[in-house]
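One-letter residues, chain by chain:
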Amino acid sequence: TRLEKERQAVLSEMTMVNTIEYRVECQILSTLHRENRLAKRFPIGKEVLIRNWTREDVKLWHRTHYRPDNVLLYVVGDVEASDVERVIAEKFGHVTSEKMG
């Protein structure tokens, strides 16, 4: 099934990034984001959860987490805050939870 193919792809990716560099990066991110949920959530996820996904779990997770009000956007550089806010509003202001799925 499509779910099994995705599960195997994620588990395969998990073994490829199981390096000292990745573990150090996770520690750095944990420190940088200690005040929010990103400190405990990394892109690949936890193996035990991945191995036990159901189709309903994936659909619920997507509906719960892939929402405009659950996004973090970092802007770094020599920019004017008002310009950045304007561009963000232009590019993403039309996006709503309903349109995201």
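1. Regarding the pattern of salt bridges
The tally for this structure, following the rule as stated, stands at four salt bridges. Close ionic contact of glutamate 4 with arginine 7 constitutes a salt bridge, the shortest N to O distance being 2.7 Å. Note that glutamate 4 and arginine 7 are positioned in helix H1 (residues 2-16) at a spacing of three residues, about one turn of the helix. Residue class for arginine 7 comes out buried when judged on its relative accessible area of 6%. Where arginine 51 meets glutamate 47, a salt bridge forms, and the shortest distance between an N and an O atom there is 2.8 Å. A residue pair is termed a helical-turn pair when its members lie 3 or 4 positions apart in one helix, as arginine 51 and glutamate 47 do in helix H3 (residues 47-51) at four residues. For arginine 51, a relative accessible area of 48% corresponds to the partly exposed category. Residue classification places glutamate 47 among the partly exposed residues on the basis of a relative accessible area of 36%.

Criteria and thresholds
Residues numbered from 1 in each chain as written. Predicted model: local features only at pLDDT ≥ 70, side-chain atom pairs only at ≥ 80, totals over all residues. Heavy atoms only, no water. Salt bridge = Lys/Arg side-chain N within 4 Å of Asp/Glu carboxyl O. Helix = DSSP H or I, 4+ residues; strand = E, 2+ residues; numbered from the N terminus. Buried < 20%, exposed > 50% of the residue type's maximum accessible area, 1.4 Å probe, protein only.

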